[in-house]
Amino acid sequence: MRNSLAGLVSGMLFGVGLMVSRMADPAKVLNFLDIARHWDASLAFVMGGGVAVASVGFALARRMEHPWFNRQFPVLATAGITLRLLVGAGLFGIGWGLIGLCPGPALVALVLDPRPVAIFVVGMLAGLWGVRFLNQRR
Amino acid sequence: MHQLFLPAPAPTAFTPGYALVGGLMIGLSAALLWLSIGRIAGISGIIGNIFAPAERNWRLAFLAGLVVMPLAARLFGIAPTVHLQGSPSLLLAGGVLVGVGSALGGGCTSGHGICGLSRFSTRSIAATGTFMAVAVIVVLLTRAVF
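Worth saying up front: this structure is predicted, and the values here are computed from it rather than measured.

Within the element layout of this structure, Thr109 of chain B appears in helix H5 (residues 109-118). Discounting chain neighbours no more than four positions away, the residues touching Thr109 of chain B are Phe92, Trp96 and Cys102 of chain A together with Ile114 and Phe131 of chain B.

Dropping the structure here:
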(Lines give C-alpha, C1' and ligand atoms only; values in the text may rest on other atoms or scores of the structure.)
Protein backbone atom coordinates (compact mmCIF):
# COMPACT_ATOMS: atom_id res chain seq x y z
CA MET A 1 0.00 0.00 0.00
CA ARG A 2 2.77 2.44 0.93
CA ASN A 3 4.67 1.36 -2.19
CA SER A 4 1.66 2.11 -4.36
CA LEU A 5 1.21 5.50 -2.71
CA ALA A 6 4.88 6.29 -3.33
CA GLY A 7 4.43 5.29 -6.98
CA LEU A 8 1.28 7.37 -7.36
CA VAL A 9 2.77 10.54 -5.84
CA SER A 10 5.96 10.13 -7.84
CA GLY A 11 4.00 9.56 -11.07
CA MET A 12 1.79 12.61 -10.46
CA LEU A 13 4.84 14.83 -9.84
CA PHE A 14 6.46 13.47 -12.99
CA GLY A 15 3.34 14.14 -15.06
CA VAL A 16 2.98 17.72 -13.80
CA GLY A 17 6.70 18.31 -14.31
CA LEU A 18 6.49 17.22 -17.93
CA MET A 19 3.55 19.56 -18.59
CA VAL A 20 4.98 22.57 -16.71
CA SER A 21 8.35 22.18 -18.46
CA ARG A 22 6.53 21.82 -21.85
CA MET A 23 8.49 18.67 -22.56
CA ALA A 24 5.28 16.87 -23.52
CA ASP A 25 5.33 19.06 -26.66
CA PRO A 26 7.48 17.47 -29.39
CA ALA A 27 8.08 20.91 -30.99
CA LYS A 28 10.01 22.02 -27.87
CA VAL A 29 12.13 18.87 -27.90
CA LEU A 30 12.91 19.04 -31.63
CA ASN A 31 13.84 22.71 -31.37
CA PHE A 32 16.22 21.86 -28.52
CA LEU A 33 17.87 19.25 -30.72
CA ASP A 34 17.90 21.62 -33.72
CA ILE A 35 21.03 23.50 -32.70
CA ALA A 36 21.44 25.01 -36.19
CA ARG A 37 18.10 26.85 -36.44
CA HIS A 38 15.49 28.07 -33.94
CA TRP A 39 17.51 26.61 -31.08
CA ASP A 40 15.36 26.52 -27.92
CA ALA A 41 17.61 25.70 -24.96
CA SER A 42 14.69 25.10 -22.55
CA LEU A 43 15.25 21.33 -22.32
CA ALA A 44 18.72 21.93 -20.85
CA PHE A 45 17.01 23.64 -17.89
CA VAL A 46 14.66 20.68 -17.46
CA MET A 47 17.59 18.26 -17.40
CA GLY A 48 19.62 20.61 -15.17
CA GLY A 49 16.82 21.10 -12.66
CA GLY A 50 15.95 17.40 -12.67
CA VAL A 51 19.51 16.22 -12.17
CA ALA A 52 20.15 18.85 -9.47
CA VAL A 53 17.27 17.66 -7.28
CA ALA A 54 17.61 13.95 -8.06
CA SER A 55 21.36 13.95 -7.28
CA VAL A 56 20.61 15.38 -3.82
CA GLY A 57 18.08 12.56 -3.36
CA PHE A 58 20.54 9.86 -4.42
CA ALA A 59 23.24 11.40 -2.19
CA LEU A 60 20.89 11.38 0.81
CA ALA A 61 20.01 7.75 0.07
CA ARG A 62 23.69 6.75 0.28
CA ARG A 63 23.60 7.55 3.99
CA MET A 64 20.51 5.40 4.54
CA GLU A 65 20.61 1.68 5.26
CA HIS A 66 17.38 1.06 3.39
CA PRO A 67 14.59 3.04 1.68
CA TRP A 68 11.80 4.38 3.88
CA PHE A 69 9.28 1.69 2.85
CA ASN A 70 11.57 -1.11 1.67
CA ARG A 71 14.14 -3.51 3.13
CA GLN A 72 17.05 -2.67 0.88
CA PHE A 73 18.29 -0.63 -2.05
CA PRO A 74 18.75 -2.77 -5.17
CA VAL A 75 22.12 -3.29 -6.84
CA LEU A 76 21.76 -1.63 -10.25
CA ALA A 77 23.23 -2.91 -13.53
CA THR A 78 27.02 -2.89 -13.58
CA ALA A 79 27.50 -4.51 -16.98
CA GLY A 80 29.64 -1.59 -18.13
CA ILE A 81 29.34 0.09 -21.51
CA THR A 82 28.22 -2.71 -23.81
CA LEU A 83 27.47 -2.75 -27.54
CA ARG A 84 23.85 -3.49 -26.66
CA LEU A 85 23.68 -0.31 -24.54
CA LEU A 86 25.13 1.86 -27.31
CA VAL A 87 23.02 0.31 -30.11
CA GLY A 88 19.91 0.73 -27.96
CA ALA A 89 20.74 4.35 -27.17
CA GLY A 90 21.45 4.97 -30.87
CA LEU A 91 18.10 3.53 -32.02
CA PHE A 92 16.36 5.49 -29.26
CA GLY A 93 18.10 8.67 -30.45
CA ILE A 94 16.92 8.11 -34.04
CA GLY A 95 13.28 7.72 -32.96
CA TRP A 96 13.50 10.63 -30.52
CA GLY A 97 15.06 12.87 -33.17
CA LEU A 98 12.47 11.90 -35.81
CA ILE A 99 9.37 12.59 -33.70
CA GLY A 100 10.43 14.48 -30.56
CA LEU A 101 8.74 12.10 -28.11
CA CYS A 102 10.25 9.72 -25.55
CA PRO A 103 8.30 7.33 -23.27
CA GLY A 104 7.24 9.70 -20.43
CA PRO A 105 6.19 12.65 -22.60
CA ALA A 106 4.54 10.19 -25.03
CA LEU A 107 2.12 8.97 -22.33
CA VAL A 108 1.34 12.54 -21.21
CA ALA A 109 0.88 13.70 -24.81
CA LEU A 110 -1.35 10.67 -25.45
CA VAL A 111 -3.80 11.99 -22.87
CA LEU A 112 -3.51 15.59 -24.08
CA ASP A 113 -3.99 14.83 -27.78
CA PRO A 114 -4.87 11.13 -28.26
CA ARG A 115 -5.47 10.84 -31.99
CA PRO A 116 -2.05 11.47 -33.54
CA VAL A 117 0.00 10.41 -30.49
CA ALA A 118 -1.66 6.97 -30.26
CA ILE A 119 0.12 5.76 -33.41
CA PHE A 120 3.49 6.57 -31.85
CA VAL A 121 2.53 4.95 -28.53
CA VAL A 122 1.37 1.73 -30.25
CA GLY A 123 4.77 1.44 -31.95
CA MET A 124 6.59 2.28 -28.72
CA LEU A 125 4.71 -0.34 -26.65
CA ALA A 126 5.21 -2.96 -29.37
CA GLY A 127 8.95 -2.21 -29.34
CA LEU A 128 9.29 -2.19 -25.54
CA TRP A 129 7.27 -5.34 -24.93
CA GLY A 130 8.56 -7.10 -28.06
CA VAL A 131 12.18 -6.88 -26.94
CA ARG A 132 11.28 -8.04 -23.42
CA PHE A 133 9.32 -10.99 -24.82
CA LEU A 134 12.19 -12.07 -27.07
CA ASN A 135 14.66 -11.73 -24.18
CA GLN A 136 12.58 -13.99 -21.95
CA ARG A 137 12.32 -16.69 -24.63
CA ARG A 138 16.06 -16.78 -25.18
CA MET B 1 9.91 12.65 -49.64
CA HIS B 2 8.58 15.95 -48.37
CA GLN B 3 5.48 14.26 -46.99
CA LEU B 4 7.46 11.67 -45.10
CA PHE B 5 9.59 14.06 -43.08
CA LEU B 6 8.89 17.06 -40.93
CA PRO B 7 8.33 20.44 -42.58
CA ALA B 8 10.52 23.42 -41.80
CA PRO B 9 10.43 24.05 -38.05
CA ALA B 10 8.47 26.82 -36.40
CA PRO B 11 10.37 28.54 -33.61
CA THR B 12 9.29 27.93 -30.01
CA ALA B 13 9.71 30.46 -27.22
CA PHE B 14 12.66 29.99 -24.85
CA THR B 15 11.01 29.29 -21.48
CA PRO B 16 13.82 28.71 -18.96
CA GLY B 17 11.63 29.44 -15.91
CA TYR B 18 8.94 26.89 -16.71
CA ALA B 19 11.61 24.43 -17.83
CA LEU B 20 13.51 24.76 -14.56
CA VAL B 21 10.40 24.46 -12.35
CA GLY B 22 9.19 21.44 -14.34
CA GLY B 23 12.65 19.92 -14.17
CA LEU B 24 12.78 20.38 -10.40
CA MET B 25 9.46 18.51 -10.12
CA ILE B 26 10.75 15.65 -12.28
CA GLY B 27 13.90 15.49 -10.16
CA LEU B 28 11.81 15.47 -6.98
CA SER B 29 9.72 12.64 -8.40
CA ALA B 30 12.85 10.57 -9.11
CA ALA B 31 14.34 11.38 -5.69
CA LEU B 32 11.12 10.45 -3.86
CA LEU B 33 10.75 7.11 -5.63
CA TRP B 34 14.34 6.14 -4.80
CA LEU B 35 14.23 7.37 -1.18
CA SER B 36 10.84 5.81 -0.45
CA ILE B 37 10.98 2.41 -2.15
CA GLY B 38 14.44 2.25 -3.77
CA ARG B 39 13.22 2.16 -7.35
CA ILE B 40 14.38 4.09 -10.44
CA ALA B 41 11.81 6.45 -12.00
CA GLY B 42 12.57 5.26 -15.51
CA ILE B 43 9.46 5.33 -17.64
CA SER B 44 10.57 2.74 -20.20
CA GLY B 45 11.48 0.30 -17.41
CA ILE B 46 8.18 0.89 -15.62
CA ILE B 47 6.16 0.28 -18.80
CA GLY B 48 8.37 -2.60 -19.95
CA ASN B 49 7.98 -4.49 -16.65
CA ILE B 50 4.29 -3.86 -16.22
CA PHE B 51 3.45 -7.53 -16.95
CA ALA B 52 5.91 -8.81 -14.35
CA PRO B 53 3.69 -10.02 -11.46
CA ALA B 54 6.19 -8.91 -8.81
CA GLU B 55 5.99 -5.22 -7.97
CA ARG B 56 3.15 -4.52 -10.35
CA ASN B 57 1.30 -2.28 -7.89
CA TRP B 58 3.73 0.63 -7.59
CA ARG B 59 4.34 0.55 -11.35
CA LEU B 60 0.61 0.70 -12.12
CA ALA B 61 0.18 3.45 -9.51
CA PHE B 62 3.05 5.45 -11.04
CA LEU B 63 1.58 5.21 -14.55
CA ALA B 64 -1.87 6.10 -13.20
CA GLY B 65 -0.41 9.20 -11.57
CA LEU B 66 1.47 10.08 -14.74
CA VAL B 67 -1.66 10.07 -16.92
CA VAL B 68 -4.17 11.39 -14.39
CA MET B 69 -2.47 14.79 -14.22
CA PRO B 70 -2.80 15.58 -17.95
CA LEU B 71 -6.39 14.36 -17.69
CA ALA B 72 -6.97 16.82 -14.84
CA ALA B 73 -5.25 19.57 -16.83
CA ARG B 74 -7.68 18.94 -19.70
CA LEU B 75 -10.69 19.00 -17.36
CA PHE B 76 -9.56 22.34 -15.93
CA GLY B 77 -8.78 23.70 -19.38
CA ILE B 78 -5.09 24.32 -18.65
CA ALA B 79 -3.61 21.59 -20.83
CA PRO B 80 -0.49 22.56 -22.80
CA THR B 81 -0.62 22.19 -26.58
CA VAL B 82 1.01 19.21 -28.31
CA HIS B 83 2.53 20.01 -31.71
CA LEU B 84 3.08 16.57 -33.22
CA GLN B 85 4.18 16.30 -36.84
CA GLY B 86 4.82 13.37 -39.13
CA SER B 87 2.92 10.91 -41.30
CA PRO B 88 1.31 7.89 -39.61
CA SER B 89 4.06 5.59 -40.88
CA LEU B 90 6.78 7.91 -39.59
CA LEU B 91 5.05 8.17 -36.18
CA LEU B 92 4.79 4.38 -35.99
CA ALA B 93 8.43 3.89 -37.00
CA GLY B 94 9.57 6.52 -34.50
CA GLY B 95 7.59 4.80 -31.75
CA VAL B 96 9.09 1.39 -32.55
CA LEU B 97 12.62 2.87 -32.57
CA VAL B 98 12.07 4.56 -29.20
CA GLY B 99 10.55 1.38 -27.73
CA VAL B 100 13.15 -1.06 -29.05
CA GLY B 101 16.00 1.35 -28.32
CA SER B 102 15.05 1.98 -24.71
CA ALA B 103 14.43 -1.74 -24.10
CA LEU B 104 17.84 -2.69 -25.55
CA GLY B 105 19.64 0.23 -23.93
CA GLY B 106 17.97 -0.38 -20.58
CA GLY B 107 16.53 3.11 -20.19
CA CYS B 108 15.36 6.34 -21.74
CA THR B 109 15.55 10.06 -21.01
CA SER B 110 14.27 9.55 -17.45
CA GLY B 111 16.09 6.38 -16.36
CA HIS B 112 19.44 7.15 -18.02
CA GLY B 113 19.04 10.92 -18.45
CA ILE B 114 17.73 12.07 -15.07
CA CYS B 115 18.34 9.17 -12.66
CA GLY B 116 21.51 7.78 -14.23
CA LEU B 117 23.30 11.11 -14.50
CA SER B 118 22.26 11.93 -10.91
CA ARG B 119 23.98 8.82 -9.58
CA PHE B 120 27.02 9.30 -11.88
CA SER B 121 26.49 5.96 -13.65
CA THR B 122 29.03 5.57 -16.48
CA ARG B 123 26.55 3.41 -18.41
CA SER B 124 23.93 6.15 -18.23
CA ILE B 125 26.40 8.90 -19.13
CA ALA B 126 27.41 6.88 -22.22
CA ALA B 127 23.77 6.17 -23.14
CA THR B 128 22.64 9.79 -22.66
CA GLY B 129 25.59 11.16 -24.64
CA THR B 130 24.85 8.68 -27.43
CA PHE B 131 21.13 9.31 -27.79
CA MET B 132 21.57 13.09 -27.47
CA ALA B 133 24.24 13.15 -30.19
CA VAL B 134 22.31 10.81 -32.50
CA ALA B 135 19.07 12.79 -32.04
CA VAL B 136 20.82 16.09 -32.85
CA ILE B 137 22.27 14.57 -36.03
CA VAL B 138 18.87 13.13 -37.03
CA VAL B 139 17.14 16.49 -36.56
CA LEU B 140 19.83 18.35 -38.49
CA LEU B 141 19.66 15.81 -41.33
CA THR B 142 15.87 15.57 -41.62
CA ARG B 143 15.34 19.31 -41.37
CA ALA B 144 18.21 20.25 -43.65
CA VAL B 145 17.89 17.64 -46.38
CA PHE B 146 14.17 17.12 -46.78
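The rest of the description comes next.
A word on helix H2 (residues 26-33) of chain A. For H2 of chain A, the tally of buried residues reaches 8 of 8 residues, placing the bulk of the element in the interior. For H2 of chain A, the set of buried residues is Pro26, Ala27, Lys28, Val29, Leu30, Asn31, Phe32 and Leu33 of chain A.

The tally for this structure, following the rule as stated, stands at 9 aromatic pairs over all chains. Ring centres 5.8 Å apart and planes at 90 degrees place the aromatic pair Trp96 of chain A and Phe131 of chain B in the edge-to-face group. A residue pair is termed interchain when its members come from two chains, as with Trp96 of chain A in helix H4 (residues 83-99) and Phe131 of chain B in helix H6 (residues 122-145). Classification of Trp96 of chain A as buried rests on a relative accessible area of 1%. Among the residues examined, Phe131 of chain B registers a relative accessible area of 1% and is labelled buried. Within the aromatic cluster, the residues linked to one another by ring pairs are Phe58 and Phe73 of chain A together with Trp34 of chain B. Above the face of the Tyr18 of chain B ring, Arg22 of chain A is positioned so that its terminal group lies 4.6 Å from the ring centre.

Counting 70 residues, the largest nonpolar core has Leu33 and Trp96 of chain A as the members making the most contacts within it. Top element by residues in this core is H6 of chain B. It accounts for 8 residues. Discounting residues that sit within four places of it in the chain, Leu33 of chain A has contacts with Trp96 and Gly97 of chain A together with Met132, Ala135, Val136 and Val139 of chain B.

Further remarks concern the interface of chain A and chain B. Between chain A and chain B, the contact holds 102 residues from the first and 106 residues from the second. Carbon and sulfur atoms make up 77% of the surface buried where chain A meets chain B, a total of about 9,600 Å² over both sides. For Arg143 of chain B, the salt bridge is made with Asp34 of chain A, and the minimal N-O distance between the two is 2.7 Å. Linking chain A with chain B are 24 residue pairs in polar contact (both at pLDDT 80 or more), by the criterion used here.

Time to look at the packing of helix H6 (residues 114-137) of chain A against helix H4 (residues 88-105) of chain B. Between H6 of chain A and H4 of chain B, whose axes approach to 7 Å, the crossing angle comes to 30 degrees. The element H6 of chain A and its partner H4 of chain B pack so that their crossing is right-handed. The segment H6 of chain A lies against H4 of chain B, with Pro116, Ile119, Phe120, Val122, Gly123, Met124, Gly127, Leu128 and Val131 of chain A engaging Pro88, Leu91, Leu92, Gly94, Gly95, Val96, Val98, Gly99, Val100, Ser102, Ala103 and Leu104 of chain B.

Parameters and conventions
Residues numbered from 1 in each chain as written. Chains lettered and ligands numbered in written order. Predicted model: local features only at pLDDT ≥ 70, side-chain atom pairs only at ≥ 80, totals over all residues. Heavy atoms only, no water. Helix = DSSP H or I, 4+ residues; strand = E, 2+ residues; numbered from the N terminus. Contact = heavy atoms within 4.5 Å. Buried < 20%, exposed > 50% of the residue type's maximum accessible area, 1.4 Å probe, protein only. Phe/Tyr/Trp six-rings, centres within 6.5 Å; stacked < 30°, edge-to-face > 60°. Lys NZ or Arg CZ within 6 Å of the ring centre and 35° of its normal. Core = buried A, V, L, I, M, F, W, Y, C linked by side-chain atoms within 4.5 Å. Buried area = accessible area lost by both parts, 1.4 Å probe. Salt bridge = Lys/Arg side-chain N within 4 Å of Asp/Glu carboxyl O. Polar contact = N/O pair within 3.5 Å; in protein donor to acceptor, adjacent residues only side chain to side chain. Axes fitted to C-alpha atoms, helices over the stretch in contact; angles between N-to-C directions. Left-handed = near helix turned anticlockwise from the far one by under 90°.

By themselves, these are just geometric observations and shouldn't be taken as functional.
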